[in-house]
Amino acid sequence: MNNSITSDANAPVPGHKSEFKKKCHSAWIKTKAFFHGNPPAIIGVSLMTVILLGALFAPVLTTHNPEKRVARPHVAPNAEHVLGSTRNGRDVYSQVLHGARKSLTVALFAGIIAMTIAIAVGVTSGYLGGKIDEWMNFVTNVFLVFPQLPLLIVLAAFLGQVGSMVITVLLGVTSWPWGARVIRSQTMAIRNKEFIISAEVMGESKIRIILVEILPNLISIVFGGFLGTVIYAMGAEAGLGILGLGDATEVSWGSMLYWAQVSSSLYTGAWWEMLVPAIALALTGGALALINMSIDQVSNPKLKTGPHMKLWKKMNRETMKRRGLL
Amino acid sequence: MKEALLEINNLCVDYVSANGVARAVNNVSLTIAPGETLGIAGESGCGKSTLAFAITRLHKAPALISEGEIIYNGRDVLKMSDKELRDFRWNDVSIVFQSAMNSLNPVITIGEQLTDVIVAHKRISFKQAAVKAKELLGIVGIHGDRLKSFPHQLSGGMRQRVVIAIALALEPKLIIMDEPTTALDVVVEREILNELYDLKEKFGFSILFISHDLSLMGEIADRIGVMYAGNLIEIGDAKTVFSKPSHPYTKGLIASFPTIHGPKERLYGIPGDPVNLLRLPTGCNFQDRCADCMDICKKEDPLLAELNVDYHAACHKL
Amino acid sequence: MDTTNNPEVVLSVRNMIKDFPIGQSSSKNSYMRAVNDVSFDLRKGEALAIVGESGSGKSTGARVLTRIYEKTGGDIIFKGKPLQQYIDDHGTLEYARQVQMIFQDPFGSLNPVHSIYHHIARPLLIHKRADKKVIDKLVYELLELVGLFPAVETAEKYPHELSGGQRQRVAIARALAVDPEVILADEPISMLDVSVRLGILNLMADLKDKHGISFMYITHDIATARYFAEKTAVMYVGHMVEWGNSDKVTQTPQHPYTQLLLSAVPEAGQSGRRELGAKKGEIPMWKPDTKGCPFSARCPRALDCCNESFPEVTQIADDHFIRCHNI
């Protein structure tokens, strides 16, 4: 590790042609540094890669149509149906891969909607302050005190069985206030930093200060909030599905759980129908949480973890031993 | 020379960071005699604060005392058990930090904070301790009525005095002061210095005074040690260090302070920037900024050599 | 004032007042007066040092001048034109270009997510001083001017890769990018390593002498004020108490507060207790209707009238002024 740093510093300045190459190189170094001695990052990212690849290539990887009856009810896992079949004779393996597409899309877009609102509200309110802040803060608080899941249930019930599109929008517009608050307080801290004041003194426009000077400083917090919202939205989508408030004809992890429950698969011994989507949900949630954790570890050096702390512990033990204290 | 109160031999302190191990204090040896004020000067990152922490083993991960010994009254601090260390930290040595005035508990009155310290370490009743606390505040020039004040009701200078009072509470023989007045205005700094002169005369403790301000150091210290990039590069009596410094870094540092009296001429200070502890050069750490750099300076580390009785400097030129 | 062989006045401040609201109510007494009745002239290619302790209003004054804060009263005249007129004529960008500021904290004044290049190039683009083709050359020239070599390599770096002194040089280059008339330097060296402070002061002195830029140097260190600035003004609780030629103010101080300040400065080789002339006392909170001289409570020479009114300006020597009842 030491070597790469020193050789970097002594390297001759490359011309403009290798600019792109150099950028790639520094990005590669940064990526390596991020994963180095950061097991949560390694596990989380590889798990998530597998899940995403599975969802992306679902049509290629699956052998059966997930929406068609392709087997007898509740066939136990076997060579043809690796994860068994449902009560209605659908292939569970095909369903879980296709379901991943729907569930992840809902969660992802809900996260994007929520974070976009959160950033817009949080940064404007935090940077501009005054009356605008007061009003925006009031709206945020109103959304914050609304119990989200019950609200979703009522809305979903009111609208009847709703499609995934509606659920995405509902989740998006109800889960932004938490992110907005965190972003607002962080913006308020940055607003008084001298680099912002000096940009103002320089005559920089407000919109540029928000977009170019403040926003890039919030990336880790925005990304963390985004992942949190995605995890939440995935859970909420599944929850609504189980309750039968989603569209049960679409294949998603939520609707799979719904059918598994309706067919009382656990009672009849068809554990695979229930457990497979449940485990898929847990794994995805876990992977996202691990990624979130690893970002925290890198962006917050006060969390004293990482490989150098292991080295310190080893060295400390040795010196303590030498002095006869251990 | 008198029997040393504190003797540091070949002390090395390392910081284990993600980018490698940096040696913040490198092979430092020094002594403090009873009643003496030793000043350690240097800029940020030279290891002077790390040294202060290490003496009382208050350093935290990822810092590590890798080599050396710290002998206090014949006992090695580095070999003390946790209990011995606790007693040593209060009864023998106390520390005043730069930001110490912000370390007072905001929800407890300063009177309680003082009595707590006294009761915790001395076998006396709360009543006696309260009397003692009032006496201590008087010593640092704060009226006894202030016992019932909360820290936020006092100015920065007064809070720093309270911290000094707490440091004095158990009558330690050595007080380590790490930039005790840096955060204060000059007039308040002067008041505290005056207080300090009186207290020293009265109690006769030793002070390890750490600061970047050489003029202040030249005033308060009996002997001065100058550190650069973890090494002690010059140490000797304050007058000589100030009027006839030997090491080029010390010379440059002293020339970096414009004086209030004396001739007004252009000063040049020291060119360049402080070295990065993770990328130390071979040979003398000061070579890049030194006007008198020779070939040998780029090859060998200069060692601390005795130039005079009780006067040492580390430079190949000498 | 004698102006015969003095350079032209660039920035002129007359009776400047700045109040800050304290608490929620809007009655007259819920304001704190941070700057009161401050007047001075800043001349081309000259430096004026504003010396004072924390809470003396020295930074507030500079921030009013750069329009970070809005003034409560008084006049700010830049190049013969009142600030209000710049605002009315939509010329605030022009004013912002010519009155630049350097901040105390070199770690806070550069945006950690942007390269050095961005920091220098932005002002050039905002004020349309260069089009995109020649901008690279200008950026490198500026970096070299402030002593950052090699410029191309430095421009690619990010703030965390530079030392405190180097960052402060970048901050100066950024201020210089827009070709300002005046630079307000708010404690530019107090957070830097001791060994690099003088380098920054000397750089500013060169810019002043060779490029004719006027500096307002805000500091608590009266020794560097004397070293760097031709003129020094001493402030106490928002009031200017003594000002004029730096050597006269520092060598023959007349105001009791200036005398106190100078007697407190540490000096090597002067060991031992040093008596301070003034009484111990807390720094008063100044409100819009507070009367008298702010120093009267601590002043060893206080008269009865010192609690009644703040004294008028008295000229005690050529280019040496003081506001004290008991001269």
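Since this is a predicted model, take the numbers as computed values, not measurements.

A.B. asks: What is the right way to look at the overall build of chain C in this model?
C.D. replies: Counting its secondary structure elements, chain C contains eleven helices and twelve strands. Its C-alpha radius of gyration of 21 Å places chain C within 12% of the 20 Å reference for a compact globule of 327 residues. Principal-axis analysis of the C-alpha atoms places the extent of chain C at approximately 70 × 55 × 50 Å. Across the 327 residues in chain C, those meeting the buried criterion constitute 57%. A fraction of 64% describes how many contacts in chain C between residues 6 or more apart in sequence connect residues 24 or more apart. Surface accessibility of chain C: about 13200 Å² in total, with carbon and sulfur atoms responsible for 49%. Between the averaged position of the 38 positive side-chain charges in chain C and that of its 40 negative side-chain charges there is a distance of 3 Å.

A.B. asks: What am I meant to see in the sheet that holds strand β5 (residues 81–82) of chain C here?
C.D. replies: The strands making up a sheet associate through backbone hydrogen bonding, with each pair oriented either parallel or antiparallel. Residues and elements named next belong to chain C. The antiparallel open sheet is built from four strands, whose spatial order is β2-β1-β4-β5. Both outer strands of the open sheet, β2 (31–43) and β5, are each paired with one neighbouring strand and no more. As paired strands, strand β4 (residues 73–78) and β5 are joined by two bridges and run antiparallel to one another. Along β5, the bridge assignment pairs Phe78 with Lys81.

A.B. asks: Teacher, can you tell me more about the interface of chain B and chain C here?
C.D. replies: Interfaces are often sized by the accessible area lost when the parts come together. Taken together, the contacts link 43 residues of chain B with 43 residues of chain C. In total, about 3700 Å² of surface goes out of reach between chain B and chain C, with carbon and sulfur atoms giving 53% of it. Linking chain B with chain C are two salt bridges, by the criterion used here. Between Asp247(C) and Lys264(B) there is a salt bridge, with the nearest N and O atoms lying 3.7 Å from each other. At the boundary of chain B and chain C, one finds 16 residue pairs in polar contact (both at pLDDT 80 or more). When contributions to the side of chain B that touches chain C are tallied by element, the ones reaching two or more residues are α5 (156–168), α6 (186–203), α7 (214–220) and α9 (248–255) of chain B. Broken down by element, the side of chain B that touches chain C gets its largest block of residues, nine residues, from α6(B). A breakdown of the residues in the side of chain B that touches chain C according to their chemical character gives 16 nonpolar, eleven polar and 16 charged.

A.B. asks: Where do I start with unusual backbone geometry in this structure?
C.D. replies: A negative phi angle characterises most non-glycine residues, just as the trans form characterises most peptide bonds. Following Phe149(C), the chain continues to Pro150(C) via a peptide bond in cis, the omega torsion being -15°. Relative to the assigned elements, Pro150(C) resides in the loop between α5 (135–145) and α6 (151–156).

A.B. asks: Before we go on, may I ask you to explain the nonpolar core in this structure?
C.D. replies: Across soluble globular proteins, nonpolar side chains have a tendency to be buried as a group. Core analysis: the biggest nonpolar cluster contains 70 residues, and Ile120(C), Ile172(C), Met204(C) and Phe228(C) have the highest contact counts within it. In terms of residue count, helix α8 (residues 194–211) of chain C provides more of this core than any other element does, eight residues in total. The contact partners of Ile120(C), leaving out residues within four places of it in the chain, are Val139(C), Leu142(C), Leu143(C), Val170(C), Ala173(C), Arg174(C) and Ala177(C). Grouped together as the second largest cluster of nonpolar side chains are 63 residues, Leu104(B), Tyr197(B), Ile220(B) and Val275(B) included.

A.B. asks: Can you walk me through helix α15 (residues 307–322) of chain A in this structure?
C.D. replies: Since the α-helix packs 3.6 residues into each turn, any two residues three or four apart lie on the same face. Residue and element names in this part refer to chain A. The terminal C-alpha atoms of α15, which comprises 16 residues, lie 23 Å apart, in line with the 22 Å expected from a rise of 1.5 Å per residue. Within α15 the residues assigned to the buried category are His308, Met309, Trp312, Met315 and Thr319. One side of α15 holds all its buried residues, which, seen down the axis, span an arc of 125°. Facing away from the buried side of α15 by over 90 degrees, the exposed positions are Lys310 and Lys321. Just past α15, the residue Gly324 takes up positive phi, approximately 75°.

A.B. asks: Before we go on, may I ask you to explain the environment of Arg89(B) in this structure?
C.D. replies: Residue and element names in this part refer to chain B. As for its position among the elements, Arg89 is in helix α2 (residues 82–92). Arg89 gets classed as partly exposed once you look at its relative accessible area, which sits at 24%. Residues Arg89 and Asp273, 184 residues apart in the sequence, show an inter-C-alpha distance of 36 Å. Not counting residues within four places of it along the chain, the set of residues in contact with Arg89 comprises Thr56, Arg57, Leu58 and Ser94. Within the local environment of Arg89, its side chain forms a polar contact with the backbone oxygen of Arg57, the two atoms lying 2.9 Å apart.

A.B. asks: In this structure, what is going on with the sheet that holds strand β10 (residues 231–237) of chain B? I would like to understand it.
C.D. replies: Residue and element names in this part refer to chain B. The strand order across the open sheet built from eight strands is β6-β7-β8-β3-β9-β10-β12-β11, with neighbouring strands paired in mixed fashion. Because the sheet does not close on itself, it has two edges, and the strands there are β6 (93–96) and β11 (305–308). Averaged over neighbouring strand pairs, the angle between their axes works out to 20° when direction is ignored. Both strand β3 (residues 37–41) and strand β9 (residues 223–228) contribute to a ladder of four bridges, which runs parallel. Along β9, the bridge assignment pairs Leu38 with Arg223. Packing against the sheet, α2 makes contact with β6 and β7 (174–178), and its axis sits at approximately 70° to β6.

A.B. asks: Just checking my understanding: could you explain the pattern of salt bridges for this structure?
C.D. replies: Pairing is possible between side chains that carry opposite charge, provided their charged atoms lie close to one another. Within the structure shown, the criterion is met by 30 salt bridges over all chains. For the salt bridge of Glu204(A) with Arg208(A), the shortest nitrogen-to-oxygen distance reads 3.5 Å. Glu204(A) gets classed as buried once you look at its relative accessible area, which sits at 10%. Judged by relative accessible area, Arg208(A) falls into the partly exposed class, the value being 30%. Close ionic contact of Lys79(C) with Glu181(C) constitutes a salt bridge, the shortest N to O distance being 3.4 Å. Of this pair, Lys79(C) sits in the loop between β4 and β5 while Glu181(C) sits in the loop between α7 (164–176) and β7 (182–186); the two residues are 102 residues apart in sequence, bridging distant segments of the chain. The class of Lys79(C) is partly exposed, set by a relative accessible area of 43%.

A.B. asks: What am I meant to see in helix α12 (residues 219–242) of chain A here?
C.D. replies: Its 24 residues place the ends of α12(A) 34 Å apart at the C-alpha level, agreeing with the 34 Å of an ideal helix rising 1.5 Å per residue. Gly244(A) sits one or two positions beyond α12(A) and adopts a positive phi of about 80°.

A.B. asks: Even after reading the chapter, I still don't get a positive patch on the surface, so can you show me in this structure?
C.D. replies: Residue and element names in this part refer to chain A. Together, Lys310, Lys313, Lys314, Arg317 and Lys321 make up a region of like positive charge exposed at the surface. Its place among the elements puts Lys310 in helix α15. Taking the relative accessible area as the measure of exposure, Lys310 reaches 63% and is therefore exposed.

A.B. asks: Sorry if this is basic, but what is going on with the interface of chain C and chain A here?
C.D. replies: Chain C puts 26 residues into the contact, and the matching count from chain A is 17 residues. Here chain C packs against chain A, burying approximately 1800 Å² in sum over the two surfaces, 55% of which is carbon and sulfur. Considering only the surface of chain C that becomes buried against chain A, Phe103(C), Asn111(C) and Arg122(C) emerge as the three largest contributors, covering 24% of it. At the boundary of chain C with chain A, the tally comes to one salt bridge.

A.B. asks: Quick question: what am I supposed to make of the packing of aromatic side chains here?
C.D. replies: In this description, a pair of aromatic rings is defined by centroid distance and the angle of the planes. Scanning all chains against the criterion turns up 21 aromatic pairs over all chains. With a centroid separation of 5.2 Å and 70° between ring planes, the pair formed by Tyr72(B) and Phe88(B) is classed as edge-to-face. A residue pair is termed long-range when its members are at least 10 positions apart, and Tyr72(B) in strand β4 (residues 63–72) and Phe88(B) in helix α2 qualify at 16 residues. Of the residues examined, Phe88(B) reaches a relative accessible area of 0% and is grouped as buried. Note on Tyr228(B) and Phe286(B): the rings are 5.2 Å apart at their centroids and 85° apart in plane angle, and the pair reads as edge-to-face. Of this pair, Tyr228(B) sits in strand β9 while Phe286(B) is found in the loop between α9 and β11, placing the two residues 58 residues apart along the sequence. Residues Tyr228(B) and Phe286(B) agree in their burial class; the two are buried. One aromatic cluster in this structure is built from Tyr228(B), Tyr249(B) and Phe286(B). We note Lys81(C) situated over the ring of Tyr86(C); from NZ or CZ to the ring centre the distance is 4.6 Å.

Cut-offs and rules
- Residues numbered from 1 in each chain as written.
- Chains lettered and ligands numbered in written order.
- Predicted model: local features only at pLDDT ≥ 70, side-chain atom pairs only at ≥ 80, totals over all residues.
- Heavy atoms only, no water.
- Helix = DSSP H or I, 4+ residues; strand = E, 2+ residues; numbered from the N terminus.
- Rg over C-alpha atoms; globule rule 2.2 N^0.38 Å.
- Buried < 20%, exposed > 50% of the residue type's maximum accessible area, 1.4 Å probe, protein only.
- Contact = heavy atoms within 4.5 Å.
- Areas by Shrake-Rupley, 256 points an atom, 1.4 Å probe, with all protein chains shown as cover.
- Lys, Arg positive; Asp, Glu negative; His and termini not counted.
- Charge placed at Lys NZ, Arg CZ, Asp CG, Glu CD.
- Pairing = 2+ DSSP bridges.
- Buried area = accessible area lost by both parts, 1.4 Å probe.
- Salt bridge = Lys/Arg side-chain N within 4 Å of Asp/Glu carboxyl O.
- Polar contact = N/O pair within 3.5 Å; in protein donor to acceptor, adjacent residues only side chain to side chain.
- Nonpolar A, V, L, I, M, F, W, Y, C, P; charged D, E, K, R; others polar.
- Core = buried A, V, L, I, M, F, W, Y, C linked by side-chain atoms within 4.5 Å.
- Expected span 1.5 Å × (residues − 1).
- Arc of directions from axis to C-beta.
- Axes fitted to C-alpha atoms, helices over the stretch in contact; angles between N-to-C directions.
- Patch = residues over 30% accessible without salt bridge, like charges linked within 9 Å, V, L, I, M, F, W, Y side chains within 5 Å.
- Phe/Tyr/Trp six-rings, centres within 6.5 Å; stacked < 30°, edge-to-face > 60°.
- Lys NZ or Arg CZ within 6 Å of the ring centre and 35° of its normal.

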